[in-house]
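Survey of secondary and tertiary structure
In case you want the letters, here they are:
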Amino acid sequence: LPDTLQPLICTNQVGYELQGKKIAVVVLPVSGKSSPVHAFLIPAEGEDTLWEGTSGPLATDIYTGKSCAIIDFSSFHRAGKYRLCLSTGRCSAPFVVAKDPYAQLGTAVLKAYYFLRCSEPLLPEYAEKWARAAGHPDTVVYIHPSAASAGRPVGNTIAAPGGWYDAGDYNKYIVNSGITMATLMDAYEDMPRYWDTLVTHIPETGNGIPDILNEILWNLRWMLAMQDPQDGGVYHKLTSAEFDGFEMPSADHSPRFVVHKSTAATLDFAAVMAQASRILQAFKLRLPGLADSCLHAAETAWQWALQHPDLIYDQEQLNQHFHPSITTGAYGDRHLTDEWCWAATELWLTTGDERYKSRMYALADLQPTVPTWSDVRTLAYFSLFRFQRLHAGKYANFYVRLQQQFLHLADSLLRHPFAAFATVMGGRRSDFVWGSNAVAANQGMVMLYAWRLTHNPAYRQAAASNLDYLLGRNATGYCFVTGFGTRSPMHPHHRPSIADGVREPVPGLLVGGPNPGMQDHCNGYPTHAADAAYVDDSCAYACNEIAINWNAPLVYLVNMLRAEPH
Ligand code: 9MR
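Going along each chain's sequence as written, the residues are numbered from 1 onward. Totals for whole chains, interfaces and linings use all residues, but because this is a predicted model, local features are given only for residues with pLDDT of at least 70 and pairs of side-chain atoms are given and counted only at 80 or more. By convention in this description, side-chain values take in all heavy atoms of the structure and omit both hydrogens and water.

Brief notes about the overall build of the protein
For the purposes of this entry, the term helix denotes a DSSP run of H or I that reaches at least four residues, the term strand denotes a run of E that reaches at least two, and both are numbered from the N terminus. Scanning the protein from terminus to terminus reveals 16 helices and 16 strands. Relative to a compact globule of 566 residues, whose C-alpha radius of gyration would be 24 Å, the protein shows 24 Å and is just as compact. In terms of overall dimensions, the protein has C-alpha extents of about 70 × 65 × 45 Å along its principal axes. With the model as given, the accessible surface of the protein reaches about 21300 Å², and the carbon-plus-sulfur share is 53%. Looking at the protein, you have 42 positive and 53 negative side-chain charges, and the mean spots of the two groups are 5 Å apart. Only C-alpha atoms enter the radius of gyration; for comparison, a globular chain is expected to reach 2.2 Å times N to the power 0.38, where N is the number of residues. All accessible-area figures derive from a Shrake-Rupley calculation using a 1.4 Å probe, and residue coverage is judged against the displayed protein chains alone. In this tally Asp and Glu are treated as negative and Lys and Arg as positive; neither His nor the chain ends contributes. For the purpose of locating charges, the reference atoms are NZ of Lys, CZ of Arg, CG of Asp and CD of Glu.

Dropping the structure here:
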C-alpha cells in the first residue's frame with residue numbers, strides 16, 4: 001500500500017518515562033472506522049511480543065476527520081528500545097522506555113540559545129559542525145528614524161552587541177526577549193540545584209555560574225544596552241530595515257537600527273531586570289555590581305513607563321511618518337494591562353516596595369491565561385507562586401484568590417483535552433496559531449505549576465502528554481525538535497540552517513508547528529486541517545520557523561520533568 005493509505009503510528013519518538021503514562025496513537029487513513037486496533041510491542045532488534053493490547057473505541061480527530069486509536073501501554077515497565085506494531089505487520093520506528101529519557105533533549109534545547117548568539121563566532125569546540133563566523137557586531141546601531149547619505153544612514157548611534165537572534169531572522173526584539181528570559185529564569189528559580197549539573201559546553205562553562213545563567217547573561221547584557229540611559233525608556237527592537245536574505249550572519253552587512261521606545265518593551269524589560277536582579281544577588285562576588293545595575297535599570301524603566309503609559313508600537317503608522325520603512329517583526333501589542341501587572345509583580349517581589357502594589361493587585365481582575373509574547377500576566381502568577389511564603393498577613397487573601405483562578409485555568413485545560421491524541425494540546429481550535437508548538441509547551445508549564453501547587457499527579461501527566469505531542473504524538477507524525485526523534489524537521493526557516501551547507505539543521509530547536517493560517521503562502525501544506533497544517537519546508541515560516549520564545553517553555557517542560565521524576 002502507498003504510504004498515504006497506511007496507518008500512521010504516532011509515538012513520542014524520543015522516548016517514554018519508565019513510570020509514566022505511555023500512549024501511542026494510530027491514525028487510520030480512513031474516517032469513520034470504528035473497530036478497535038490491536039497492537040503489540042517488540043524489541044527494536046527482535047521479534048518476541050513483550051506486551052500486547054487493544055485500543056478503546058476509536059476517536060475522531062475533529063480537525064482532519066480521521067479515526068484515531070489510542071494504545072495505552074503504561075502497564076509496560078521494562079527499560080529498553082522497542083517498536084510498536086500492528087497486526088498488519090506495520091511497525092513504528094524504534095523508541096526508548098527509560099528512567100531518564102530526556103537527558104540529551106533537556107540539554108540540547110538550552111544549548112540551542114548558544115547557536116542563536118549574535119555578534120560572536122561559534123567555535124568548533126562548542127558548535128561542532130555548526131561552527132560559524134560572528135555576524136552583526138551591533139557596535140554601531142542607528143537610532144531610527146535616521147537621514148541617509150549615499151545610501152547609508154547617518155545620525156546618532158548606540159552600541160548594543162550580543163544577545164540572541166530572535167528566530168530564523170537576524171533581528172533582536174525586546175518584547176520577545178522579555179517572555180523568553182522570564183521563562184528561562186523561571187526554570188532557574190524553580191529548580192536552582194538542578195542546573196548545577198547541567199552543562200551545555202559553551203565558552204563560559206566552568207566559570208562557577210550554571211550554564212543556564214551563563215546563557216541568560218548573554219542576552220541580559222544586550223538588553224541592558226537597549227535602555228536609553230538618559231530617560232530609562234527601552235527601544236522596542238534592534239533590526240535591519242527589512243528581513244535579510246538566506247545568508248550566513250557574517251554575510252549580512254545591512255545597516256541596523258534601534259527603533260521606537262515603547263511601553264510594552266519598557267515594562268517587559270523592567271520585569272526581566274527585576275527578576276534577574278534577585279537571581280544575581282547570589283552571584284555578587286563573581287558578577288560585582290550586576291544585580292544592582294539590573295535593579296536600577298528596572299526601576300528607571302518603570303519610571304519611564306509611568307510617564308509614557310501607552311506608547312504602542314504601531315509599525316504601519318510609524319512607516320507613514322519616518323524613514324527608512326521598517327518591515328521586520330512588529331511584536332506590536334495594544335493591551336498593556338498584563339505587562340503592567342507583570343512588571344509591578346516582579347519589582348514588588350524583588351524590592352518589597354509597596355509602591356508596586358496597586359498595579360499588582362490588578363492581577364486579581366485578570367483571568368490567568370496560557371502565556372504568549374503578547375499576554376504575560378501568567379508570568380506574574382508563576383513568580384508569585386514561587387514566593388508563596390511572602391504572602392502572609394495582608395497578602396493572604398489576594399494569594400488565595402490567585403491560586404483559585406489559576407487552578408481554574410489548569411482545570412479547564414484538563415477538562416477539554418484533544419480526545420483523538422489524549423493531549424491537552426489541541427483541545428481548542430484556537431491552540432493552532434502561529435507558534436502553536438509553544439502553546440503546547442506553555443500549557444505544559446501551566447500544568448506543571450498546577451502540579452507543584454496541588455501535588456495532583458493528573459497535572460504532571462497532562463504536562464507530559466503535551467511533551468509527547470511535541471515529540472511525535474500528533475497528527476503530523478513529526479517530532480518537532482530539530483535533531484531529535486526519527487522524523488524531525490530538516491528544513492526549518494532558520495537562516496544559518498539553510499545557508500551553512502551542513503545537511504542537518506542546527507539541533508535542539510523547536511519549530512512553530514501546525515498553523516492553518518499559512519500566512520507564508522508556501523506551497524506544500526498537505527491540508528487546511530488545523531492540527532495537520534504543517535510542512536517541513538524553509539519557505540514555510542508560519543509553521544516551520546524557530547524562535548527563542550518557543551524553545552524557552554520547552555526548556556522548562558523537559559527539565560522540570562527530569563528534575564522532578566515520578
Ligand atoms: O511569534 C510571532 C507570532 O505570534 C505572530 O503572529 C507573527 C506575525 O506577526 O510573528 C511571530 O514572530 C516572528 C517575528 O515577528 C519575527 N521573527 C520571527 C518570529 C517567529 O515567526
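Further notes follow.
A look at the site of the ligand
Consider each residue's heavy atoms; a residue with any of them within 4 Å of a molecule or strand counts as near. In the region of the ligand, the neighbouring residues are D166, A167, D169, Y173, G329, Y331, W373, W434, E545 and W550. At a separation of 3.0 Å, a nitrogen atom of the ligand approaches a polar side-chain atom of D166. Taking D169, its side chain carries an N or O atom lying 3.1 Å from a nitrogen atom of the ligand. For the ligand, whose free accessible area comes to 450 Å², the fraction covered by protein is 77%. Definition of a polar contact: a pair of N or O atoms within 3.5 Å, with one able to donate and the other able to accept a hydrogen when the atoms are protein atoms, and with sequence-neighbouring residues admitted only if both atoms are side-chain atoms.

What about the sheet that holds strand β7 (residues 67–72)?
One requirement defines pairing of two strands: DSSP has to find at least two bridges between them. Across the sheet, four strands lie side by side as β1-β3-β7-β6; this open sheet has antiparallel pairing. In this open sheet, the two edge strands, each paired with only one partner strand, are β1 (8–10) and β6 (59–60).

What about the state of the cysteines?
Structurally, a disulfide amounts to a covalent bond that connects the sulfur atoms of two cysteines. Put simply, a disulfide is two cysteine sulfurs that come within 2.5 Å. Summed over the entire model, instances satisfying the criterion amount to two disulfides. Disulfide pairing places C85 opposite C91 at an S-S distance of 2.1 Å. Taking the sign of the S-S torsion, 105 degrees for the link of C85 and C91, the bridge is right-handed. C91 gets classed as partly exposed once you look at its relative accessible area, which sits at 27%. A sulfur-sulfur separation of 1.7 Å characterises the disulfide bridge that pairs C522 with C539. Between C522 and C539, the S-S torsion sits near 45 degrees, and that sign places the bridge as right-handed. One end of the pair, C522, is in the loop between α14 (495–499) and α15 (541–544); the other, C539, is in the loop between α14 and α15, with 17 residues separating them in the sequence. The class of C522 is buried, set by a relative accessible area of 8%. Summary of cysteine pairing: C68 is not part of a disulfide, and the nearest cysteine sulfur, belonging to C10, is at 7.6 Å. Residue burial is assigned from relative accessible area. The probe radius is 1.4 Å, only protein chains are included, and a residue is buried under 20% of its type maximum, exposed over 50%, and partly exposed in between. Look at C68 and you get buried, because its relative accessible area is 1%.

Examining the packing of aromatic side chains
Ring pairs are drawn from Phe, Tyr and Trp, using the six-membered ring of Trp, whenever the two centres fall within 6.5 Å, and their geometry is named by plane angle: stacked under 30 degrees, edge-to-face over 60, tilted for the rest. Counting across every chain of the model gives 33 aromatic pairs. Summarising the aromatic geometry, the rings of F73 and F95 are spaced 6.0 Å apart at their centres and angled 45 degrees between planes, so their arrangement reads as tilted. Linking F73 in the loop between β7 and β8 (80–86) with F95 in strand β9 (residues 95–98), this pair joins segments that are 22 residues apart in sequence. Here F73 matches F95 in class, with each residue buried. Ring geometry for Y114 against Y126: centres 6.1 Å apart, planes inclined by 80 degrees, an arrangement best described as edge-to-face.

Here's the deal with a nonpolar patch on the surface
Patch membership is restricted to residues that have no salt bridge and whose relative accessible area is over 30%. Joining uses 9 Å for like charges and 5 Å for the nonpolar side chains Val, Leu, Ile, Met, Phe, Trp and Tyr. Salt bridges are defined as contacts in which a side-chain nitrogen from Lys or Arg sits within 4 Å of a carboxyl oxygen from Asp or Glu. Judged by side-chain polarity, V433, W434 and Y541 come together as a nonpolar surface patch covering roughly 250 Å² of accessible area. Within the secondary structure layout, V433 lies in the loop between α11 (396–415) and α12 (436–454).

So, the environment of P324
Mapping P324 onto the fold places it in the loop between α7 (315–321) and α8 (337–351). Residues P324 and G426, spaced 102 residues apart in sequence, show a C-alpha to C-alpha distance of 41 Å. Those residues in contact with P324, other than ones at most four positions away along the chain, are H144, S146, A241, F257 and N319. Contacts are assigned to residue pairs with any non-hydrogen atoms lying within 4.5 Å of each other.

Describing unusual backbone geometry
Leave glycine aside and you will find that most residues have negative phi; peptide bonds, for their part, are mostly trans. In this structure, P145 follows H144 across a cis peptide bond, with omega equal to -5 degrees. Locating P145 in the fold gives a position in the loop between β10 (141–143) and β11 (147–149). The residue after H323, namely P324, is reached through a cis peptide bond having omega -10 degrees. Its identity is not glycine, yet H136 carries a phi of approximately 50 degrees, on the positive side. Mapped onto the secondary structure, H136 falls in the loop between α2 (124–127) and β10. By relative accessible area, H136 is classed as buried at 5%. At H260, a position not held by glycine, the phi torsion is positive, near 50 degrees.

Some thoughts on the nonpolar core
For the purposes of this section, nonpolar cores are sets of buried Ala, Val, Leu, Ile, Met, Phe, Trp, Tyr and Cys residues that join through side-chain atoms within 4.5 Å. Ranked by size, the top nonpolar core spans 171 residues in total, and within it W195, L220 and F406 carry the most contacts. Here W195 is in contact with L110, A187, Y188, P210, I212, V555 and N559, once residues within four sequence places are set aside. In this structure, A24, A39, L58 and Y82 belong to the second largest nonpolar core, which totals 20 residues.

Observations regarding the side chain of H144
Inspection of the secondary structure assignment puts H144 in the loop between β10 and β11. Among the polar contacts listed, one links the side chain of H144 to the backbone oxygen of P324, at a separation of 2.7 Å. Non-local contacts of H144, meaning those with residues more than four positions away in its chain, are made with F257, V258, V259, F322, H323, P324 and I326.

As for helix α4 (residues 211–225)
Within an α-helix, residues lying three or four positions from one another point in the same direction, as the helix has 3.6 residues per turn. When the terminal C-alpha atoms of α4 are compared, their 22 Å separation across 15 residues agrees well with the 21 Å that a helix rising 1.5 Å per residue should span. Here α4 lies mainly inside the structure; 12 of its 15 residues are buried. All of the buried residues in α4 are D211, I212, L213, N214, E215, I216, L217, W218, N219, L220, W222 and M223. Against α1 (103–115), β14 (172–173), α3 (174–190), β15 (235–240), α5 (263–280) and α6 (290–307) lie the buried residues of α4. To estimate the expected span of a helix, count its residues, drop one, and scale the result by 1.5 Å.

In short, the description is geometric, and any link to function would need to be established separately.
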